[in-house]
Amino acid sequence: MFIEPFGVEIWMNEWETKCAHNLSETCVESLTIEELLTLAGQNATDLSALLPMKMTYGDIRGSERLLTAISGLYAGQRPENIIVTHGTIGANVLVHKALVSRGDRVVVVVPTYQQHYSIPASIGAEVVPLKLQEADGFLPDLDALRALVTPGTRMIAINNPNNPTGALMDRAMLEEIVTIARKVGAYVLCDEVYRGTDQVGGGMMAAIADIYEKGISTAGMSKAFSLAGLRLGWVAGPEEVIEAVSVHRDYDTISVGKLDDYFAAMALENRDRVLARSQRITRENLGLLENWVASEPRIDWVKPQSGTVTLLKYDAAIGSHDFCVRLMEEEGVLFTPGSVFDMEGYVRIGFANPKADLQAGLAKVSDFLARL
């Protein structure tokens, strides 16, 4: 089976261990186990509870404790509507493999995480992109979506908050998308891995699984929960979807690690404190980034409403790949080139790093821009 090389992952694999200032990082500043224990009101002594744990496969679909904790993130999802996966990346793969077949029509909002168009294309589906426009605040044009979602459409794939733009569809827009999908009986897959990082209010936009009877939410512990090292994600949705996903999951996952399950449950049971930390970091750092953008005449943007990443539009006669390579080689600062998202003329920045690292990196970018 042929599949397109994964542009953003190839870029990150090549460069992220070589930089001094990683401004391509997509996770909120990662937690240590010690920090997680503190947020959970525990300490190192409490880890003794792990000593008798046998390293078996454990609960195949996820422990009852974990499934209950995940369901608490949703308004209408019960443990039986959840299945645990190897990260959100595993959740997305499984949903596409379980629901999409050769010849199916899949409408995908782009730019987005490459899984959502390259996987269905590799299956032989008809992938129909809906390109987000800067003039629309990188939000989908619903009239254009209505025109693309024809009878027989199998799935609409969206990403909320959006990667790489940071645009956020509100509940009203999600409900409009549901109306469009319902008319043709299409599933709506929403990659919600950045959910919990909205810039205003409680930080948690409504999930598509709670809005639509054929809505499927995928998410995980990496971005908003700062625990990418757990490699734990999930699918939330109708029970028939969970069962279809389970069939494919038996071939490539079996189960997640018991330690991953244990610490993910701990974090989710203390989600208010974990997410409060994430929201403080993302909101304060976005303020720093906003001030920097305002001071740079060669940089423009659509200010993100959520997430940990956004696109910066630069004014320079150089391709985004070469821009990022030169920035890395000359200043040790890592961005992600817009070319990997088919967004030439832009770079993606991650702004949820430690504050001092973000400030130091932006200062070096200013030096670089001054020389271009």
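Residues numbered from 1 in each chain as written. Predicted model: local features only at pLDDT ≥ 70, side-chain atom pairs only at ≥ 80, totals over all residues. Heavy atoms only, no water.

K.L.:
Provide a residue-level description of the overall build of the chain, including the pertinent values.
P.N.:
A tally of helices and strands in the chain yields 13 helices and 13 strands. The C-alpha radius of gyration of the chain comes to 20 Å, within 12% of the 21 Å expected for a compact globule of 372 residues. Its C-alpha atoms give the chain principal-axis dimensions of about 60 × 55 × 40 Å. Taking all 372 residues of the chain together, the buried fraction comes to 58%. Across the chain, contacts joining residues at least 24 apart in sequence account for 74% of those joining residues at least 6 apart. For the chain, the exposed area adds up to about 15,100 Å²; of that, 52% sits on carbon and sulfur atoms. Taking the average place of the 33 positive charges on the side chains of the chain and the average place of its 48 negative ones, the gap between the two points comes to 2 Å. (Helix = DSSP H or I, 4+ residues; strand = E, 2+ residues; numbered from the N terminus. Rg over C-alpha atoms; globule rule 2.2 N^0.38 Å. Buried < 20%, exposed > 50% of the residue type's maximum accessible area, 1.4 Å probe, protein only. Contact = heavy atoms within 4.5 Å. Areas by Shrake-Rupley, 256 points an atom, 1.4 Å probe, with all protein chains shown as cover. Lys, Arg positive; Asp, Glu negative; His and termini not counted. Charge placed at Lys NZ, Arg CZ, Asp CG, Glu CD.)

K.L.:
Explain empty space enclosed by the protein to me, using residue names and the numbers behind them.
P.N.:
Counted by the stated rule, this structure contains two cavities of 30 Å³ or more. Of the pockets and cavities examined, the largest cavity occupies roughly 80 Å³. As for the largest cavity, its lining consists of Leu73, Tyr74, Glu192, Val193, Arg195, Met204, Ala219, Gly220, Ala224, Phe225 and Trp234. Residue composition of the lining of the largest cavity, grouped by class: eight nonpolar, one polar and two charged. (1 Å grid on protein atoms, 1.4 Å probe; cavity = no way out; pocket = protein on both sides within 12 Å on 5 of 7 lines; lining within 4 Å. Points joined across faces, edges and corners; volume = space filled by probe spheres on them. Nonpolar A, V, L, I, M, F, W, Y, C, P; charged D, E, K, R; others polar.)

K.L.:
Can you break down the sheet that holds strand β4 (residues 126-131) residue by residue, with the values?
P.N.:
One open sheet accounts for seven strands, arranged β2-β8-β7-β6-β5-β3-β4; its pairing is mixed. Of all strands in the sheet, those bounded by a partner on one side alone are β2 (82-85) and β4. The mean inter-strand angle of the sheet, taken between neighbouring strand axes irrespective of direction, is 20 degrees. Here β2 pairs with strand β8 (residues 233-236) via four bridges, running antiparallel. The partner of Val84 across the bridge, within β8, is Trp234. Running over the sheet, helix α4 (residues 87-99) touches β2, β5 (153-159), β6 (187-191), β7 (215-220) and β8 and is turned about 155 degrees from β7. In the packing of helix α7 (residues 171-184) onto the sheet, contacts are made with β5 and β6, and the angle to β5 comes to roughly 165 degrees. (Pairing = 2+ DSSP bridges. Axes fitted to C-alpha atoms, helices over the stretch in contact; angles between N-to-C directions.)

K.L.:
How would you summarise the pattern of salt bridges if you had to cite specific residues and measurements?
P.N.:
If you walk through the whole model with that rule in mind, you get 16 salt bridges. The closest approach of N and O atoms between Asp252 and Lys97, which form a salt bridge, is 3.5 Å. Here the residue Asp252 occupies a position in helix α9 (residues 239-252), and Lys97 occupies one in helix α4, the gap between them amounting to 155 residues. With a relative accessible area of 40%, Asp252 lands in the partly exposed category. Owing to a relative accessible area of 32%, Lys97 belongs among the partly exposed residues under this scheme. As a salt-bridge pair, Arg146 and Glu176 come within 3.1 Å of each other at their nearest N and O atoms. Residue Arg146 is found in helix α6 (residues 142-148), and its partner Glu176 is found in helix α7; the two are separated by 30 residues along the sequence. For Arg146, a relative accessible area of 38% puts it in the partly exposed group. (Salt bridge = Lys/Arg side-chain N within 4 Å of Asp/Glu carboxyl O.)

K.L.:
Before we move on, can you summarise the packing of helix α3 (residues 64-71) against helix α10 (residues 258-269) with the specific residues and values?
P.N.:
Two elements in contact, α3 and α10, have axes separated by 9 Å at closest approach and are oriented at 35 degrees. The two elements α3 and α10 meet at a crossing, and its hand is left-handed. On α10, the residues touching Arg65, Leu66, Ala69 and Ile70 of α3 are Asp261, Tyr262, Ala264, Ala265, Met266, Leu268 and Glu269. Its residues assigned to classes, the contact of α3 with α10 shows eight nonpolar, no polar and three charged. (Left-handed = near helix turned anticlockwise from the far one by under 90°.)

K.L.:
Tell me about the pairing of β6, and please be specific about residues and values.
P.N.:
Within β6, five of the five residues are buried, leaving the element largely enclosed by the surrounding structure. Burial along β6 is two-sided: the face carrying Tyr187, Leu189 and Asp191 and the face carrying Val188 and Cys190 are both buried. Bridge count for β5 against β6 is five bridges, and the pairing is parallel. Looking at β6, one finds that Ala157 is bridged to Leu189. What joins β5 to β6 is α7, and the crossover it makes is right-handed. (Right-handed = clockwise from strand over helix to strand, strands pointing away.)

K.L.:
Now, about the side chain of Thr153: what can you tell me, with residues and values included?
P.N.:
Locating Thr153 in the fold gives a position in strand β5. By relative accessible area, Thr153 is classed as buried at 3%. Within polar-contact distance, the side chain of Thr153 engages the backbone oxygen of Thr150 at 2.6 Å. Ignoring anything within four residues of it in the chain, the contact list for Thr153 reads Arg105, Val107, Leu148, Val184 and Ala186. (Polar contact = N/O pair within 3.5 Å; in protein donor to acceptor, adjacent residues only side chain to side chain.)

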